[in-house]
Amino acid sequence: MVARAVAHSLCVGAYDDEEQVGFARVITDRATFAYLADVFVLEGHRGRGLAQQMLEALEDHPELQGLRRWALFTRDMQPLYAKLGWEAYPHPDRLMVRDVPDIYTR
């Protein structure tokens with residue numbers, strides 16, 4: 001499942017020498033929309049700006065230029081994303097989702 005998700009995304013990683021300590025990916029049509037997903041930095045490496053560097057690398061990626069909208073879901077990192085220019089969706093009355101939380105355990 002992870003390999004398939006990564007294969008169909010644009011991915012970046014953060015490394016400490018040869019050890020991967022961070023990851024982020026974008027799911028996109030490369031024309032109008034990008035969904036930022038699976039952003040993480042290992043606990044011992046947090047607070048060094050690695051997440052910001054990964055997000056900047058994705059935002060600067062040549063295939064992601066000129067997109068009309070980026071989206072993400074985050075449980076607890078709204079302050080970090082707000083510092084990077086992200087904001088709450090201005091039209092929550094238009095936003096809908098379809099969640100199937102147990103899809104991987106069926």
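Refer to the structure above for everything that follows.
Keep in mind it's a predicted model, so treat the numbers as computed, not measured.

Colleague: Residue-level account of the overall build of the protein chain, with values.
Modeller: Along the protein chain, the regular secondary structure elements total three helices and four strands. Its C-alpha atoms give the protein chain principal-axis dimensions of about 45 × 35 × 30 Å. Taken across its 106 residues, the protein chain has 24% of its residues classed as buried. When contacts within the protein chain are restricted to residue pairs at least 6 apart in sequence, those whose partners lie at least 24 apart make up 44%.

Colleague: Explain the packing of aromatic side chains residue by residue, including any values.
Modeller: The tally for this structure, following the rule as stated, stands at four aromatic pairs. With a centroid separation of 6.0 Å and 75° between ring planes, the pair formed by Tyr81 and Trp86 is classed as edge-to-face. On the basis of relative accessibility, which here comes to 17%, the residue Trp86 falls in the buried class. Connected via pairs of aromatic rings, a cluster forms that spans Trp70, Tyr81 and Trp86.

What counts and how
Residues numbered from 1 in each chain as written. Predicted model: local features only at pLDDT ≥ 70, side-chain atom pairs only at ≥ 80, totals over all residues. Heavy atoms only, no water. Helix = DSSP H or I, 4+ residues; strand = E, 2+ residues; numbered from the N terminus. Buried < 20%, exposed > 50% of the residue type's maximum accessible area, 1.4 Å probe, protein only. Contact = heavy atoms within 4.5 Å. Phe/Tyr/Trp six-rings, centres within 6.5 Å; stacked < 30°, edge-to-face > 60°.

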